[in-house]
Amino acid sequence: MRSFSELVMTQRACRRFDPDAEVTDEDIATMVRHAVHAPSAENKQPWEFVVVRSAEVRHTFGAMMREVWALGGAEYVKANASPFVAADVTDGIAGGGLDTAPVLIVVCADLDKVLEVWAAASIYPATQNLLLAAASLGHGSCLTTGLTTAFADKVRELLALPATLLPMAGVYVGRPAKPLAAPRREPAEQHMHRERFGCAWVS
């Protein structure tokens with residue numbers, strides 16, 4: 001088992017997976033058990049996790065992502081991301097890399113338990129725990145919000161979600177098709193301020 005520090009420092013998005021590698025139900029249950037130990041607004045625990053293995057449904061979601069890509073997503077990513085990230089995202093969406101993940105976990109907020117304005121404060125910490133748990137088990141993962149943002153109604157329809165469940169994230173999970181490079185991050189000190197904004201952090 002890798003240390004927590006190593007997991008945090010090395011976890012990164014994976015957008016192409018080994019289609020022959022299995023993600024067991026036991027591993028998925030372990031990931032979700034870690035996810036539900038995240039903090040949540042008023043400890044309401046408003047999360048629901050829909051685990052999608054159906055190739056047909058996953059490919060439908062992939063086609064929806066490619067629709068958004070064609071309608072302007074590609075131009076946005078190429079204009080705002082580094083060439084390295086843009087190429088990786090292009091392969092994941094237009095190249096079908098995300099479709100190779102054997103599992104997609106759709107993370108939803110139960111709006112009967114929490115107001116929508118507070119939903120993100122509960123759902124995204126849980127999703128981060130899920131990503132780290134996947135890495136601890138040797139799986140790659142990729143958090144996406146484009147699918148749930150642009151196609152919430154279609155996601156509801158395909159997954160039979162009640163109106164009170166708001167889909168907020170899709171997490172693709174599987175064994176990476178190749179070893180993942182280290183994540184690229186700016187030094188933390190570059191974003192730290194002492195006492196007030198603009199006062200450089202000097203240790």
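Coordinates for the structure precede this section.
I will try to describe carefully the structure that is included in this document.

Here is what the cut-offs are and how they apply
- Residues numbered from 1 in each chain as written.
- Predicted model: local features only at pLDDT ≥ 70, side-chain atom pairs only at ≥ 80, totals over all residues.
- Heavy atoms only, no water.
- Helix = DSSP H or I, 4+ residues; strand = E, 2+ residues; numbered from the N terminus.
- Expected span 1.5 Å × (residues − 1).
- Bend = angle between axes of the 7 residues up to and from the residue.
- Buried < 20%, exposed > 50% of the residue type's maximum accessible area, 1.4 Å probe, protein only.
- Salt bridge = Lys/Arg side-chain N within 4 Å of Asp/Glu carboxyl O.
- Phe/Tyr/Trp six-rings, centres within 6.5 Å; stacked < 30°, edge-to-face > 60°.
- Lys NZ or Arg CZ within 6 Å of the ring centre and 35° of its normal.
- Contact = heavy atoms within 4.5 Å.
- Pairing = 2+ DSSP bridges.
- Axes fitted to C-alpha atoms, helices over the stretch in contact; angles between N-to-C directions.
- Parallel < 35°, antiparallel > 145°, perpendicular 65-115°, else oblique.
- Left-handed = near helix turned anticlockwise from the far one by under 90°.
- Nonpolar A, V, L, I, M, F, W, Y, C, P; charged D, E, K, R; others polar.

**Here we look at helix α3 (residues 55-80)**
Side chains three or four residues apart in an α-helix point the same way, a direct result of the helix having 3.6 residues per turn.
Next, step 1: In this model, α3 (26 residues) spans only 31 Å end to end at C-alpha, well below the 38 Å of a helix rising 1.5 Å per residue.
Next, step 2: Approximately 70 degrees is the largest bend angle found in α3, and it occurs at A70.
Next, step 3: Along α3, the positions that sit buried rather than exposed are V57, R58, F61, G62, M64, M65, W69, G73, A74 and V77.

**A closer look at the pattern of salt bridges**
Next, step 1: Scanning the entire structure with this criterion turns up seven salt bridges.
Next, step 2: A salt bridge links R53 to D25; its shortest N-O distance comes to 2.8 Å. Note that R53 is positioned in the loop between β1 (47-52) and α3 and D25 in helix α2 (residues 25-35), a separation of 28 residues in sequence.
Next, step 3: You can call R53 partly exposed: its relative accessible area is 37%.
Next, step 4: On the basis of relative accessible area, D25 is assigned to the exposed category, the value being 56%.
Next, step 5: A salt bridge links R66 to D99; the shortest N-O distance between them is 3.1 Å. Pair noted here: R66 is in helix α3 and D99 is in the loop between α4 (83-93) and β2 (103-110), with a separation of 33 residues, a long-range link.
Next, step 6: Three or more residues joined by partner-sharing salt bridges are found here, namely R12, R15 and D88.

**A short note on the packing of aromatic side chains**
Next, step 1: The full count for this structure, using the stated rule, is zero aromatic pairs.
Next, step 2: The aromatic ring of F84 is capped on one face by R184, whose charged end is 3.8 Å from the ring centroid.
Next, step 3: In this arrangement the basic side chain of R194 is found over the ring face of W201, its NZ or CZ atom lying 3.9 Å from the centre.

**Examining the side chain of D99**
Next, step 1: Given a relative accessible area of 14%, D99 falls into the buried group.
Next, step 2: With sequence-adjacent residues up to four places away left out, D99 is seen in contact with R58, H59, G62 and R66.

**Observations regarding the sheet that holds β1**
Next, step 1: Spatially, the four strands line up as an open sheet ordered β1-β2-β4-β3, and their pairing is antiparallel. Two strands lie at the open edges of the sheet, namely β1 and β3 (140-144), each paired on one side alone. The average undirected angle you get between the axes of adjacent strands in this sheet is 25 degrees.
Next, step 2: Two elements, β3 and strand β4 (residues 165-174), share five bridges in a ladder whose sense is antiparallel. Of the residues in β4, the one forming a bridge with C142 is Y172.

**Things to note about the packing of α2 against helix α5 (residues 116-136)**
Next, step 1: Between α2 and α5, the least distance of the axes is 7 Å, while the angle of their chain directions is 140 degrees. One finds that α2 runs oblique with respect to α5. The element α2 and its partner α5 pack so that their crossing is right-handed. Residues M31, H34 and A35 of α2 form the contact with α5, whose participating residues are A126, N129, L130, A133 and A134.
Next, step 2: Its residues placed into classes, the contact of α2 with α5 shows six nonpolar, two polar and no charged.

Spatial relationships are all this shows, so hold off on functional conclusions.
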